[in-house]
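Summary of structural features
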Amino acid sequence: MNDQDIEPPGAEPAVEIRDIAGGPPFAQRRWWTLLVVSAAQLLVVLDGTIVNIALPSAQSELGMSDTSRQWAVTAYALAFGGLLLIGGRISSALGHRRTFMIGLIGFAVSSGLGGAAVNPELLFAARALQGVFAAALAPAGLSMLSTTFTEPHERGRAFGVFAAVGAAGSALGLVAGGLLTEYATWRWCLYINVPVALLALLGTARVQPDRPIRGDGPLDVAGALLSASGFAAVVYAFNEAEPLGWDSPKVLALLTGGILLLAVFAIVEVRTPRPLLPMRVLLHHARAGALIAITLMFVAMFGFYLFMSYYTQTVLGYSPVQAGLTLLINALAALFGSTLIAGKLHGRVAPAMLILPGLLAAAAGMFILTRLTPQSTDILPQYLAPALVLTGLGLGCVMPPTASLATAKMHQHDIGAAAAAYNAAQQLGAALGTALLNTIAASTTASYLAAPHHATPTAASVHGYTAALTVAFGILLATACIAAPLTTTRTARESSTQQ
């Protein structure tokens, strides 16, 4: 198998190699694309977790009720997940660079609005606006990266850095949230986005311009409404399952309604001449494998982050800052895996040769933590550190090839939809993982306490955490079995016929 077998160039590159706007040659400007897209990716991922640790302080200052405080997190997730496919279509229609710049400006403004919030309603609205602009920013950035870097080795380096930011962003969000809340104020968890977004916006001036796609027809309104409502309903169901339980009528109604809406969306997309998400994007075997792998990887990893947050603080007695700093081990391992392993090997080995070992390494890290007991000693060096390293390496090895596969060999008018589908897969996986594994941990803990063996609360909590991580371990093993044959790319001719 040679490089061409692994990732042949796209039939219709969305960006010309020659600079269409004049100025410095393309070869000197493309690394600016990586820089600004990575900064935007950090913003998008960071804001999924940075508010979590700051939420108690914000609740106290703004007078939020216990029942409404979740909207500081949920409003962002719903808007982001629900509008991603629309954001991908807008990115293609307006031009990826232009959409990216609009997303940065909107994200900065909405972050400043949230930081200055004087009541809960304004904070919730600002978080929803952040999600709206993130839904345009994320697919536009990934599309820019995919169309700028087409040579296999440079593509590997670029996607390695991009994936490192994404893999480490959630952990860094918890660290930054703890530090800013403790040493500044919770408002800086939102204000911090403003200078980062503005610096990225300045850097975008040196990014290669692209041309909008003309004559692609009007927006698929039916598909837009169905996808937005369906994704929002499913994500909201996952969020509500955590406090209410999976058997709650509200959760079941949301989940059933969301799945039905997405099923109708798929039917509409097959029949409409200009679909929001062409089914060929999902039915290509390697791309489908990449989407499955990243979805289920995020299910397991976001449950893992939840475990680390609760276990280190409630059982080990770490402060929020100490708990966040512990996760830096995971972030550094992810950085190493994505840049020095996956980034170097991209184009030299089949994608499955990175995805499969990455999934197995993450599974091994989960398995180590399932051996924890209330009597375990030397927990950081013997359990937490090895688990954090292995899960970080695993995530770092999985994200670059899946991001590359999700957007490789795409026609010009489909690349925005493919980038949006990849981001939507991550969002659904994160929401499901947090809700599913937290529910398993909570129910197992309650059952253990109710059993007639006089368990202590600490013992019950540890038992609940290890039960949830056992499920995460199983999910990663199953993902490896499903994704490996799908992501073993065939010859260039066979692969291209499936577009």
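The structure reproduced in this document is the subject of the present report. (Residues numbered from 1 in each chain as written. Predicted model: local features only at pLDDT ≥ 70, side-chain atom pairs only at ≥ 80, totals over all residues. Heavy atoms only, no water.)

This part takes up the overall build of the protein. A tally of helices and strands in the protein yields 20 helices and zero strands. A total of 499 residues make up the protein; the buried ones form 57% of that total. Across the protein, every contact between residues at least 6 apart in sequence was considered, and the portion connecting residues at least 24 apart equals 84%. For the protein, the accessible surface area stands at approximately 19,200 Å², while carbon and sulfur atoms represent 67% of it. Across the protein, the mean location of the 25 positive side-chain charges is 7 Å away from that of the 23 negative side-chain charges. (Helix = DSSP H or I, 4+ residues; strand = E, 2+ residues; numbered from the N terminus. Buried < 20%, exposed > 50% of the residue type's maximum accessible area, 1.4 Å probe, protein only. Contact = heavy atoms within 4.5 Å. Areas by Shrake-Rupley, 256 points an atom, 1.4 Å probe, with all protein chains shown as cover. Lys, Arg positive; Asp, Glu negative; His and termini not counted. Charge placed at Lys NZ, Arg CZ, Asp CG, Glu CD.)

A separate point is the pattern of salt bridges. Evaluated as defined, the whole model comprises four salt bridges. Put simply, Glu-61 and Arg-187 hold a salt bridge, and the shortest N to O gap is 2.7 Å. With Glu-61 in helix H3 (residues 50–62) and Arg-187 in the loop between helix H7 (152–183) and helix H8 (188–191), the pair connects residues that are 126 residues apart, well separated along the chain. (Salt bridge = Lys/Arg side-chain N within 4 Å of Asp/Glu carboxyl O.)

The geometry of an aromatic ring pair is captured by the separation of the ring centres together with the interplanar angle, meaning the angle of the planes. Per the counting criterion, the structure on display carries 13 aromatic pairs. The interplanar angle of 15 degrees and the centroid separation of 5.2 Å between the aromatic rings of Phe-307 and Tyr-311 together place this pair among those described as stacked. Residue Phe-307 and its partner Tyr-311 are both found in helix H13 (residues 285–315); the two are separated by four residues, about one turn of the helix. The buried category is assigned to Phe-307, whose relative accessible area is 4%. Each residue in the set Phe-298, Phe-302, Phe-304 and Tyr-305 is aromatic and connected to the rest through ring pairs, giving one cluster. (Phe/Tyr/Trp six-rings, centres within 6.5 Å; stacked < 30°, edge-to-face > 60°.)

One can find Ala-75 in helix H4 (residues 71–94). The class for Ala-75 is buried, based on a relative accessible area of 10%. Beyond its immediate chain neighbours, meaning those up to four positions away, Ala-75 contacts Phe-124, Arg-127 and Ala-128.

Before going further, it helps to examine H13. Between its first and last C-alpha atoms H13 spans 44 Å; for 31 residues at 1.5 Å apiece the expected length is 45 Å, and the two agree. Judged by how many residues are buried, H13 sits mostly within the fold: 23 of 31 residues are covered. Following H13 by one or two positions, Gly-317 adopts a phi angle in the positive range, close to 75 degrees. (Expected span 1.5 Å × (residues − 1).)

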